[in-house]
Structures are given as C-alpha cells and as structure tokens.
Amino acid sequence: MDFELNDEAKEAVVKAREFANKYFTEEVAERSDREEQFPTDIVAISKREKILDFSNPWKVLVTIEELVRKDPGLGISVTISAFGAEIFMFFGNDAQKEKYMNPVFAGQKTLGLGVTEAGGGSDVANIKTEAKLDGDSYLLNGGKMFISNGQIADYFLVLARTTQPPSPEKKHRGLSVFIVDSKTPGFSVNKLHGKLGVRATNTAELIFNNVRVPKENMIGEEGKGFYYIMTFFNISRIYVAAQGLGIAHGALDRLVDYSKKYGEVSETGELKESLQLAIAEIATRVEAARNLTYKAASYLFKFTPNPVVTSMSKYYAADTAVFSTRRAMELMSIHGLTTDLERFFRDAKILDIWEGTTEVEKLIITRMMLKEEGA
Amino acid sequence: MEEEYEILENTVRDFNTKYVDNNSLKLENDTMGKDFVKMLAGQGFFSMTSQAEGGAGTDIKALSIVLENLAKSAPAVAVKTLLSNSFSTAVKEQDVLGAVADGSKSGTVTFSDLLVGKGQNGNLVLEKGRVSGEKEFVVGSDSDFIITLVDSGELVLLKSGFKTGKKHKKLGFRSIGFSSIVVDTEDFTILSKDGRKTMERMYEDLSIPVAAISLGMSEGVSQKALDYAKVRTAFGHYLKDFQPLAFDLSSLVAEMEILKRYFRDLLSSSPSQKEAMFLKHKSLTLAKDISRTSLQIHGGYGYLEDFGIEKFYRDSMALSVLFHSEEKDMEKLSGLVFESKAGFV
Ligand SMILES: Cc1cc2nc3c(=O)[nH]c(=O)nc-3n(C[C@H](O)[C@H](O)[C@H](O)COP(=O)(O)OP(=O)(O)OC[C@H]3O[C@@H](n4cnc5c(N)ncnc54)[C@H](O)[C@@H]3O)c2cc1C
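## Side note on the overall build of chain B
A count of helices and strands for chain B gives 14 helices and 10 strands. Relative to a compact globule of 345 residues, whose C-alpha radius of gyration would be 20 Å, chain B shows 20 Å and is just as compact. In terms of overall dimensions, chain B has a C-alpha envelope of 75 × 50 × 40 Å along the principal axes. Split into buried and exposed, the 345 residues of chain B put 57% on the buried side.

Right under this line is the structure:
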C-alpha cells in the first residue's frame, strides 16, 4: 500500500497550482461569480496549456482538486469541458470517438451531458424525453434541466426513452443515449440564472422540439442507456469527490491563515483551543475524504471500479466541503464573510446535489453492500 | 399570546402578503426602495424601541414578534427593521429619532466593533472636535446616521461627513449596504464616554430580536420544504414519504417548535441575559441546519434563487456572523453557565 502520489501526479499538482495562482485572481473569480459569467478566456488558456491531461486520470483528479482549492467556480469551469466523455470512451464506436470524443479531449470542442429533467433528477429511469425512430434518424422531443455547459457545449450526450418499459418496475429498460449537435434545428437552450454558487459555470435548460438525430449518433446498444449513464456516474463521482476535497482544503487553508493572522491566543500564548480543535477536525475530515477518494480512484483507474467506495467518497467529500466551509465561516466571523470564503461557502452546497444527491449516494452504498453480501 | 401581540402578528402577516411575498427576491437582493422603507416605517416597525414622540418605547417583545414574522418572508427586511431599532435605543435627539422612526432617514450601529479584534475593522480618531478615519464591516453603511466606537473609546453618533468606502462581499441581506465608511466630520455627538460598555449593552439587548429573526427564517424555510415535499415526487413517492427527508425535517421542526415555545415564554417574562443567550445561540444554529435541509429537499431547484430557498441558506449564515461571534458569545455564555469566568483557554 502506497499513500504517495507518483511523480507525474505531483507535477500536475504543481502545474495546476501555478496556473490557478496566475489566472484565478480574486478580481476574475469575483466578477465571474457576480456576473454569472463563464470564464471563456481562462478556459481557452487552460486548454492551450493542457492543464488537463486526459491520458492520465490521476493527473486529472489532482488537477481538479488543486484548481478548485483556489476557486471552486473557476476550477470547475476549467475542468468540466469534457463532462460525459467517458461514455464515448467505454461505449462509443470508433467513428464516434474520432468525430466527437477526440476533439473534446483535445480541447477543441465542449461536451455536455443531459440526464436530469424538470420532473426529476434522482429518479433517472423516470425521464420523459423521447426518441422515436423516423426513417434513418430519431426524432427527439422533451427537455433537460440544470445542464452544465448548456449554453456553450458543441455536443450533448442525451438520455432519452426509445421503447416503453415492459413494466413500471423495469423503467430503466428502453432508455438510450444520443449524441446531439447543438446546432441541430429544433434544439434550443435557456440559461438558468440566480444560482447560489458555482456561478462561473454555465447551467441551462435544454429543449428538444423534433430534433432529428442520425441513427449513427446512438451510443452503444439501443435500450442500454440507463446502464451507460450509471457506469459513467461511477466514474464522474470520483471527480466530484475531488471537487469536494478542493473546496474543503481551500476552507482549511483560509482558516489556518486566519488563525495565524487574527486567531485569539490564551495566556499560554497558544491559539485558543476551540479554534485549534476546529482546525484539527476539518483537517482530519479532509484527510479521511482524500483517502476514500484516492481509494475509489485507484480501484477505478485499474479498471476494477468499486461503486460502494465511489459513492462513499462522493458523499463524504461533499459533506466535508459543506461542513468545512461552514465551520471556517463561523470561526473566521466577518473575516470569512468578507473574503473569498464567502464564495466557497455558497459553492460547496452544490456537491450535496449534483451527480447523485447525498441521500441517493447513501442508498447506493447500502444497496450495493447488501448485494455484494448476497443479502 | 396577549391580544395586542396577536393583532401585531396579524398586521405583519398582512403586510407580508400585500408587500413582501411577491417581491421578496428584489427586497432581498436588489433594493428596498424609499417607498417600501417608508411603508415599513409607517407601520411603526422602526420605532418600537424608540423614545421619540410617537415611538412605542422599549418594547422588545413587540419588536421580536415583528422581526420573527418579517423574517419568514424576507430576512433582509427584518434585518433592516432590527438596525433601525437597535440604533434608536441609544439616541436621545428627537429630530434624529423622528427621522429614523418615520423612515425618511436611516440609522445603524457598527457592531463589528465588538465582533472582531480591536483595530481589525479600521480606525476612527476623535481629535480636536473631529472624527476621521475609516471603519470596516459596517452593516447598513448606506445609512444617514451611524453609531460607532472611536479609538479613544467613546461611542459617537455620526450625523454627516461620512461616505461609503470599500464595498464588501454580501453573503446575505444584499439589499442592505455593507462596506467600510470613510469619515471626516465635526457633525457628531458623543453618546457615551465608556462606549464599548454601552455598545455591549446594546448588543446584548439584541439577543432576543436576533433569535426572533432566526426563528422566523426557520419557520419560513421549513414551511417551503414541507410544502414542496408534499407535491414533489421521486421513484413513485412524494418526497415526504422518504424516511431520510421526513425524519430530518421533522426532527428540526421539533427543535424549532421547542425553541418557539421557549421564545414565547421569555417574551412573557423578564428574561435573564443567560436565557436570552441560550435562545440566540440555539436559534442561530437551528436556522443554519434547517436551511441546509430545506435546500436539500428541493434538490437542484433549491440551488436556484427563484424558489426562494437559497436566500435562507445565505442569510442564516450571514446573520450568525454579523450579529454573533462564536468565540466571544460562547465565552460569555460559558461564564454565565459556570457562574465564573470560563471557556477562555
Ligand atoms: C448547478 C447544477 C448543475 C447540474 N448539472 C447537470 C448536468 O450537467 N447534467 C445533468 O443531467 N444534471 C445536472 N444537474 C442536475 C442534478 O444532477 C440534479 O439536480 C440532482 O440529481 C437531483 O435531482 P433533482 O434536482 O430533480 O432533485 P429530486 O430528484 O427531485 O430530489 C429532491 C430531494 O429528494 C431526495 N430524494 C429523492 N429520492 C429519494 C429517495 N429515494 N430517498 C430519499 N431521498 C430522496 C433527494 O436526495 C433530494 O434531496 C445539475 C444541477 C445543478 C443544480
């Protein structure tokens, strides 16, 4: 068992830190947040400088963590351009990989993933968007809600129903994934405004009104879409856990700085104990969340994913991010409220929600554990 | 509840229905507007602790009931009302009090003087009949009158000769000014020589009103979550049917109801400082917990401002930072619990 990152990953951390220090200035972060503006320029630079090296998932993981530690909104914006790409990698055919996945990994195109609908996000199998075969293509009708990169993506991977389920209990059957080009007639988007946090990221509602999608844009087999999406979430949740680590670690950094600068000391000259214990608690949680996340990642990156540990890491890192930003804010008082910790506090809450709410993650953990034990 | 307070509660409820509920996002994030502020003042809400003619005199009970009910719909409106009332307890000048009471002018107090360490919120020097310098972290910095501490210890009322300086980030109550103030004025009066003590008394008097706002927020946000959980479905069930959501929210509502009962008990007696601090401490924590759970129940919609949930998440934290200090309040509370100095190492 080796708890050290390898040299390549360590270099990625340094590279990400340098990039964030250079480009994630408070001015840019504050403006993107206030104006709910996607940081197009910085994202372009990050692509040019190949900040994300998709050939090495460990590098991707630690890069997310490090960028988010500096600023969550900008960090996530920079690292979300290929959101969904693993679906191509595992289930796409060569032509789809060539045409759609490679340009995304090369930083030339942006991808989005449309699963959630207005009627529900947790209950994925209950989606209502339909794709009906019409000659050599499918006609898509319906809508998707809260889609990241919604306004800026070139393509979307969209989950839609292609056949009716055999019974209400088997709703997860008959769903398929399609590649939708954002320039297709009948496709439109509405930007969503007024998010609590991660306001630099772009979020939109997608509308499909008789959107014609060529047959060859279906991913994998018809009817297997639910399985593909769940497999993808078992990958992406590890990266969400990395977002949580970044936010929690960022809060810890700020609390430690505060304690050096303003922390009250008692007669002994030591920091007052309540502050000391809070720092210890956050630091311990960050470390525990990191160990869980890296364990989940090491299973996955060896192609032996462990969904139980993955969901544990996503749930626990999200909870740690929310916990740490709240405790840091309470202890730093006005010094927290008036600095970038204020953003961290708002940003952290999304992690409890996206890519599987905390409740859903906990249900997965138990159900998978029981299944593994044959209960 | 006594009849007059029931009437007051209904008055605020009507006011919310007419002027706040449909407008709460703007009142929270944007601006309250002069007309709205005048309307609030017209209800007598700004002069509930005022000794001005026409002011209701010190009536923390009435004020708390008003704040609790305003906070259910728009916490920023409650905080605006709190600021006006906290200002008027310390001032005797009738023209100033009258102007704040009728909403034509506004007033605030720089409680950050007590919440951060000495000198950490800037410096104001009183010298040769002038007050000058810059003070940071002023909630209500867009006010016409400001009560603040100067470095030499006096509590002064600034009447003109100051302007807003560096704007601060606004986690909550975005329609209320929050910035530094830059001061250079001869137009002030000294309210107290031992200013810190006087301000500490004013701050202590806020314990129950701040708790009232916290409880109002908890009531407002949890009601939204209860309503939502009854209509939203997932996996073929209403959200209310799922144990994790139903148990969490019910447990927090139980806590809220217990605190409300304690709150009402305190209002109908003469609460001790310790009791008032118990209530404030627990109510602030509850508001943060219940806002998180209520937001979570709303899933992605909770994260968008349109649903009127995320503002409670921000405001509950902002309130607990701007009118409370974990370190200082807990040291004080520990002293009261142990009946001797405690919790300082
Ligand atoms: C900023 C943002 C970006 C997003 N980006 C994307 C994206 O790119 N692509 C995409 O497809 N989606 C995206 N989402 C959607 C996100 O994944 C969903 O919001 C999330 O899955 C929850 O779905 P919901 O909002 O419909 O909540 P619901 O599913 O309605 O859940 C509401 C509440 O009920 C709880 N709940 C549901 N079922 C149960 C149960 N069985 N037991 C206990 N509790 C339960 C949930 O935990 C939650 O607390 C994004 C959301 C946001 C806010």
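## Some thoughts on a nonpolar patch on the surface
A surface patch of nonpolar side chains, about 330 Å² in accessible area, is lined by A:Met89, A:Phe90 and A:Phe303. Relative to the helices and strands, A:Phe303 is located in the loop between α9 (273-301) and α10 (307-332).

## Observations concerning the packing of helix α8 (residues 225-261) of chain A against helix α12 (residues 341-348) of chain A
Residues and elements named next belong to chain A. Interaxial distance between α8 and α12 falls to 10 Å at its minimum, and their mutual angle equals 155°. With respect to α12, the axis of α8 lies roughly antiparallel. Seen along the crossing, α8 lies across α12 with a hand that is left-handed. Together, Gly246, Ile247, Gly250, Ala251 and Arg254 of α8 and Leu341, Phe344, Asp347 and Ala348 of α12 make up the contact between the two elements. Counted by class, the contact of α8 with α12 contains 5 nonpolar, 2 polar and 2 charged residues.

## Overview of the interface of chain A and chain B
Contact residues are listed per partner, giving 49 residues for chain A and 43 residues for chain B. Contact with chain B buries surface across chain A, with A:Leu196, A:Ile334 and A:Leu337 losing the most and accounting together for 15% of the total. With a shortest N-O distance of 3.1 Å, A:Arg327 and B:Glu326 are connected by a salt bridge. Summed over the shared surface of chain A and chain B, the result is 21 residue pairs in polar contact (both at pLDDT 80 or more).

## Let's talk about the packing of aromatic side chains
Residues and elements named next belong to chain A. This model, assessed by the stated rule, comprises 28 aromatic pairs over all chains. Considering the side-chain rings of Tyr227 and Tyr228, the 6.0 Å spacing of their centres and the 55° angle between planes classify their relative orientation as tilted. Taken together, the aromatic side chains of Trp58, Tyr239, Tyr294 and Phe301 make up a single cluster linked through ring pairs. A cation sits over an aromatic face here: Arg285 above Phe323, 4.0 Å from the ring centre.

## Structural notes on the sheet that holds strand β6 (residues 162-167) of chain B
All names here are of chain B. Read across the open sheet, the 4 strands follow the order β2-β3-β7-β6; overall the sheet is antiparallel. Looking along the sheet, the strands with just one partner apiece sit at the ends: β2 (122-127) and β6. Sheet twist, expressed as the mean angle between neighbouring strand axes with direction ignored, is 25°. Across 7 bridges, strand β3 (residues 130-139) lies against strand β7 (residues 178-185) in antiparallel orientation. Bridged to Ser132 within β7 is Asp184.

## Some details on the domain arrangement of chain A
Residues and elements named next belong to chain A. According to the domain assignment, chain A consists of domain 1 (7-79), domain 2 (87-96 + 110-223) and domain 3 (227-372). On a C-alpha basis, the centroid separation for the pair domain 1 and domain 2 is 27 Å. In this assembly, 12 residues from domain 1 lie in contact with 13 residues from domain 2. Between domain 1 and domain 2 lies a buried interface of about 910 Å² when both sides are counted; carbon and sulfur atoms form 50% of it. Considering only the side of domain 1, the residues that lose the most area to domain 2 are Asp33, Glu36 and Phe38, jointly responsible for 63% of the buried surface there. If you look at where domain 1 meets domain 2, you find 2 salt bridges. A salt bridge links Asp33 to Arg199, with the nearest nitrogen and oxygen atoms 3.9 Å apart. The interface formed by domain 1 and domain 2 includes 6 residue pairs in polar contact (both at pLDDT 80 or more).

## Focus on the side chain of A:Thr184
Residues and elements named next belong to chain A. Tracing the backbone through its elements, the reader meets Thr184 in the loop between β5 (175-181) and β6 (187-191). Reaching out from Thr184, the side chain makes a polar contact with the backbone oxygen of Asp181 at a distance of 2.5 Å. Discounting chain neighbours no more than four positions away, the residues touching Thr184 are Val211 and Arg212.

## Section: the sheet that holds strand β5 (residues 155-158) of chain B
All names here are of chain B. Pairing is mixed across the open sheet formed by 4 strands, whose spatial order is β1-β4-β5-β8. In the strand order of this sheet, the two ends are held by β1 (107-109) and β8 (188-192), each with one partner. Adjacent strand axes in the sheet meet at a mean angle of 20° when their direction is disregarded. Where β5 and β8 come together, 4 bridges link them in antiparallel fashion. By the bridge assignment, Leu157 is partnered in β8 with Thr189. Contacting β1, β4 (145-149) and β5, helix α5 (residues 75-88) crosses the sheet at an angle of about 80° to β1.

## Describing the site of the ligand
Taken together, 29 residues lie around the ligand, and A:Gly121, A:Ser122, A:Thr357, B:Gln296 and B:Gly300 are the ones closest in. The environment of the ligand is shared, with nearby residues belonging to chains A and B. Take A:Ser122: an N or O atom from its side chain is 2.6 Å from an oxygen atom of the ligand. A distance of 2.9 Å is found between an oxygen atom of the ligand and a side-chain nitrogen or oxygen belonging to B:Arg232. With the chains in place, 96% of the 970 Å² that the ligand exposes on its own is no longer accessible. Put simply, the parts of the chain that give the shell around the ligand at least two residues each are β3 (137-148) and α13 (358-372) of chain A together with α11 (273-297) and α12 (299-302) of chain B. If one sorts the elements of the shell around the ligand by residue count, β3(A) sits on top with 3 residues. Across the shell around the ligand, the residue classes tally to 15 nonpolar, 10 polar and 4 charged.

## Focus: unusual backbone geometry
Residue and element names in this part refer to chain A. In this structure, Lys50 is a non-glycine residue whose phi angle is positive, near 50°. Residue classification places Lys50 among the exposed positions, given a relative accessible area of 56%. Phi at Ser333 takes a positive value of approximately 55°, unusual for a residue other than glycine. With respect to the helices and strands, the residue Ser333 is situated in the loop between α10 and α11 (334-337). Residue classification places Ser333 among the buried positions, given a relative accessible area of 7%.

## Let's talk about the packing of α8(A) against α9(A)
A pair of packed helices can be characterised by two numbers: the angle between their axes and the separation between those axes. Residue and element names in this part refer to chain A. Relative to each other, α8 and α9 sit at 160°, their axes nearing to 9 Å. Between α8 and α9, the angle is such that the two are roughly antiparallel. For the crossing formed where α8 meets α9, the hand is left-handed. Class assignment for the residues of the contact of α8 with α9 results in 22 nonpolar, 3 polar and 1 charged.

## Topic: the environment of A:Arg237
Residue and element names in this part refer to chain A. Relative to the elements of secondary structure, Arg237 occurs in helix α8. Residue Arg237 is classed as buried on the basis of its relative accessible area, which comes to 4%. Taking C-alpha positions, Arg237 is 24 Å from Arg327, a pair spaced 90 residues apart along the chain. Not counting chain neighbours up to four residues away, the residues in contact with Arg237 comprise Thr310, Ser311, Lys314, Glu355, Gly356, Glu361 and Ile364. A distance of 2.8 Å separates a polar atom in the side chain of Arg237 from the backbone oxygen of Glu355.

About the thresholds
Residues numbered from 1 in each chain as written. Chains lettered and ligands numbered in written order. Predicted model: local features only at pLDDT ≥ 70, side-chain atom pairs only at ≥ 80, totals over all residues. Heavy atoms only, no water. Helix = DSSP H or I, 4+ residues; strand = E, 2+ residues; numbered from the N terminus. Rg over C-alpha atoms; globule rule 2.2 N^0.38 Å. Buried < 20%, exposed > 50% of the residue type's maximum accessible area, 1.4 Å probe, protein only. Patch = residues over 30% accessible without salt bridge, like charges linked within 9 Å, V, L, I, M, F, W, Y side chains within 5 Å. Areas by Shrake-Rupley, 256 points an atom, 1.4 Å probe, with all protein chains shown as cover. Salt bridge = Lys/Arg side-chain N within 4 Å of Asp/Glu carboxyl O. Axes fitted to C-alpha atoms, helices over the stretch in contact; angles between N-to-C directions. Parallel < 35°, antiparallel > 145°, perpendicular 65-115°, else oblique. Left-handed = near helix turned anticlockwise from the far one by under 90°. Contact = heavy atoms within 4.5 Å. Nonpolar A, V, L, I, M, F, W, Y, C, P; charged D, E, K, R; others polar. Buried area = accessible area lost by both parts, 1.4 Å probe. Polar contact = N/O pair within 3.5 Å; in protein donor to acceptor, adjacent residues only side chain to side chain. Phe/Tyr/Trp six-rings, centres within 6.5 Å; stacked < 30°, edge-to-face > 60°. Lys NZ or Arg CZ within 6 Å of the ring centre and 35° of its normal. Pairing = 2+ DSSP bridges. Domains from an automatic or database assignment. Near = heavy atom within 4 Å.

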